[in-house]
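# Geometric and topological summary
Letter by letter, the chains look like this.
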Amino acid sequence: MAPYEPEQNTHEAGEPRVVRRKAARYAVPVAVAGVAAATIGLVPALATSGDPDLPDVTAQQLVEKIAASDTEQLSGTVKISTDLGLPSLGGGMTGGFAPGGGGGGEGEDGEGSSADPQSKLMELASGTHTLRVAADGPDKQKLSVLDDAAEYSLIHNGDDVWAYDSKTNEVYHSKSAGKAGDSDKQAPKDLPKDVPSTPKELAEEALKAVDGTTSVKVDGTAQVAGRDAYRLVIKPKQAGSTVGQITVAVDSKTGTPLKFTLTPAGGGSAVVDAGFTKVDFAKPDASTFDFTPPKGAKVTEGDDAKAEKQRHGFKGDAEEFKGEEDLNGLNVIGKGWNSIAELEMPGGQGLSTAGSGDVPPDAQRLLDSLGDKVTGEFGQGTVFKTRLINALITDDGNVYAGAVTKDALVKAANAAN
């Protein structure tokens, strides 16, 4: 991945006043997810070029420009990749969730619909994807995930949300939570809430973490998708975070984030990298948001799919998201980028160990290969690592997780005992 551009025109921010999220501020997909939000070696189309000569701005001014951006109409192509460093578990885990891969939402012979966006868009939390996006205000959006031989499209048009998986020829349809034109209209209820898929959504998640523990600078300029942009760099001031820095390329005219890159403190390729390769701020043609189920397609209605899940033992929305009741006393240790979530495993039990008879030997060997055994004043436990989020699970059933190093997790566990 080519770097943005040489450093220049650096300005320090005076702690921009951006709302912080209480516990889950690292929702880059991961996913993000996830986040949310991208990237082992993106293709050259994503590399920036040129060194535009733009008027100097401070970080505070640039953050305010992002917040004030009123871009509601655009269309373009986005490349997004994520590399959390998770091991490949074959088609059952990663390959099966590729666009058109048949994973996630089941399919013709399984439960539900392969076009269900609740599972389908989680694909963006792994690998590299090409998206086509279009928007015309809050009531019209379209996102298409392109594959070599198939395409998955999600269309929101007024009251209707349509999703279509061309590989399986399945359609998923649901209604928005309110009527078009209602003042209290809510977002489409069947869309995943924590899967940022555009540079703007990823940037907004990152800016929620900005506080006194954060350095924010304007660090030069770049050209993205043919547009002149400023580079906003967000870095933790504290030691112990796995986040190296976040770089956002901000369109100099509209204030719209055009590119988002999260690099880990440990170096190497980016954990998340998402950016426009083409972008047009003109109003998309109205027909872009039209959809009619193709002939012969299987159509699943959202309410029918929910009822089917409930018949097979899945909880309804009200029970599924009771929230922190199921988190067994969630507590947040520390602040800023070094925040660590502390909670208990269900039942107050830790991971079973080999020889206990609770876990098959092969499964235990897999668990051992994914984690590092650690000891401390808290006792014993296992640290499971990705390139961004790490988690310590103690043998007595406590969990410590965050975008922090293994040593930081052990220190937090020791302090809690």
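Above this text sits the structure in question.
Residues numbered from 1 in each chain as written. Predicted model: local features only at pLDDT ≥ 70, side-chain atom pairs only at ≥ 80, totals over all residues. Heavy atoms only, no water.

## Things to note about the overall build of the chain
Broken down by element type, the chain carries seven helices and 19 strands. Out of the 417 residues in the chain, the part that is buried amounts to 45%. For the chain, the exposed area adds up to about 19900 Å²; of that, 50% sits on carbon and sulfur atoms. (Helix = DSSP H or I, 4+ residues; strand = E, 2+ residues; numbered from the N terminus. Buried < 20%, exposed > 50% of the residue type's maximum accessible area, 1.4 Å probe, protein only. Areas by Shrake-Rupley, 256 points an atom, 1.4 Å probe, with all protein chains shown as cover.)

## Some thoughts on the side chain of threonine 82
Residue position: threonine 82 is located in strand S2 (residues 73-82). At a separation of 2.8 Å, a polar atom in the side chain of threonine 82 contacts the main-chain carbonyl oxygen of alanine 125. Within the structure, the side chain of threonine 82 is placed 3.0 Å from the backbone nitrogen of serine 126, a separation counted as a polar contact. (Polar contact = N/O pair within 3.5 Å; in protein donor to acceptor, adjacent residues only side chain to side chain.)

## As for the sheet that holds strand S15 (residues 340-344)
Taking strand neighbours across the sheet as the criterion, the six strands line up as S14-S15-S19-S18-S17-S16 in an open arrangement whose pairing is antiparallel. Both edges of this open sheet fall to strand S14 (331-333) and strand S16 (371-376), since each of them pairs with a single strand only. Ignoring which end each strand starts from, the neighbouring axes of this sheet average 25 degrees apart. In terms of strand pairing, strand S18 (residues 390-394) meets strand S19 (residues 398-402) through four bridges, oriented antiparallel. Bridge pairing in S19 places leucine 392 opposite tyrosine 400. Here helix H7 (residues 406-415) sits on the sheet in contact with S14, S15, S16, strand S17 (379-385), S18 and S19, set at roughly 40 degrees to S18. (Pairing = 2+ DSSP bridges. Axes fitted to C-alpha atoms, helices over the stretch in contact; angles between N-to-C directions. Contact = heavy atoms within 4.5 Å.)

## Digging into unusual backbone geometry
In this model, asparagine 169 sits at a positive phi of 55 degrees, which is unusual for a non-glycine residue. Tracing the backbone through its elements, the reader meets asparagine 169 in the loop between strand S6 (160-165) and strand S7 (170-175). With a phi angle near 55 degrees, alanine 225 is a residue other than glycine that sits in the positive phi range. Mapping alanine 225 onto the fold places it in the loop between strand S8 (214-224) and strand S9 (227-236). Given the relative accessible area of 27%, alanine 225 is considered partly exposed.

## Side note on helix H1 (residues 59-68)
If you check which residues of H1 are buried, you get Ala59, Leu62, Val63 and Ile66. Within H1, the buried residues cover an arc of 100 degrees as seen down the axis, which keeps them to one side. Away from its buried face by more than 90 degrees, H1 exposes Ala67 and Ala68. (Arc of directions from axis to C-beta.)

## Things to note about the pattern of salt bridges
Taken as a whole, this structure holds nine salt bridges when the rule is applied. Residues aspartate 83 and arginine 387 are paired through a salt bridge, measuring 3.0 Å at the closest nitrogen-oxygen approach. Linking aspartate 83 in the loop between S2 and helix H2 (117-120) with arginine 387 in the loop between S17 and S18, this pair joins segments that are 304 residues apart in sequence. According to the relative accessible area criterion, aspartate 83 is buried, its value standing at 15%. Where aspartate 219 meets arginine 231, a salt bridge forms, and the shortest distance between an N and an O atom there is 3.7 Å. Of the two residues, aspartate 219 sits in strand S8 while arginine 231 sits in strand S9, which places them 12 residues apart along the sequence. (Salt bridge = Lys/Arg side-chain N within 4 Å of Asp/Glu carboxyl O.)

## Points about the pairing of S17
Taken together, the six bridges between S16 and S17 define a ladder with antiparallel strand orientation. Along S17, the bridge assignment pairs glycine 376 with glycine 379. From the end of S16 to the start of S17, which pair antiparallel, there are two residues. Here S17 pairs with S18 via five bridges, running antiparallel. Across the sheet, valine 383 pairs through a bridge with leucine 392, a residue of S18. Remark: four residues form the turn of the hairpin made by S17 and S18, two consecutive strands paired antiparallel.

## Observations concerning the nonpolar core
Ranked by size, the top nonpolar core spans 51 residues in total, and within it Leu131, Leu232, Ile234, Ile246 and Phe260 carry the most contacts. Looking at this core element by element, the count peaks at five residues for strand S10 (residues 243-251). (Core = buried A, V, L, I, M, F, W, Y, C linked by side-chain atoms within 4.5 Å.)

## Some words on the environment of threonine 254
Note that threonine 254 resides in the loop between S10 and strand S11 (257-264). C-alpha separation for the pair threonine 254 and alanine 68, spaced 186 residues apart in sequence, amounts to 9.1 Å. Every residue in contact with threonine 254, bar those within four places of it in the chain, is listed here: Ser69, Thr71, Arg227 and Phe281.

## Thoughts on helix H3 (residues 199-207)
Among the residues of H3, Pro199, Leu202, Ala203, Glu205, Ala206 and Leu207 are the ones counted as buried. Where H3 is buried, its residues contact H1, S2, S9, S10, S11 and strand S12 (272-280).

## Considering the packing of aromatic side chains
Applying the stated criterion across every chain, the model contains two aromatic pairs. Pairing tryptophan 162 with phenylalanine 291 gives two aromatic rings, centres 5.4 Å apart and planes at 45 degrees, and the pair type is tilted. On the criterion of sequence distance, the pair formed by tryptophan 162 in strand S6 and phenylalanine 291 in the loop between S12 and strand S13 (298-301) is long-range, its members being 129 residues apart. Seen in terms of ring centroids, tyrosine 164 and phenylalanine 291 are 6.0 Å apart; in terms of plane orientation they differ by 45 degrees. Their pairing is tilted. Within this pair, whereas tyrosine 164 is found in strand S6, its partner phenylalanine 291 is found in the loop between S12 and S13, the two being separated by 127 residues in sequence. Exposure remark for tyrosine 164: the relative accessible area of 15% places this residue in the buried category. Aromatic rings pair up to connect Trp162, Tyr164 and Phe291 into one cluster. (Phe/Tyr/Trp six-rings, centres within 6.5 Å; stacked < 30°, edge-to-face > 60°.)

## Some details on the pairing of strand S3 (residues 127-136)
Within a regular beta strand, the side chains point alternately toward one face of the sheet and then the other, so they alternate between its two faces. In terms of burial, S3 is a largely internal element, seven of the 10 residues being buried. Here 10 bridges tie S2 to S3, and the two strands are oriented antiparallel to one another. Paired with threonine 77 across the bridge in S3 is arginine 132. Relative to strand S4 (residues 140-146), S3 runs antiparallel, the two being bridged by six bridges. Along S4, the bridge assignment pairs threonine 130 with leucine 146.

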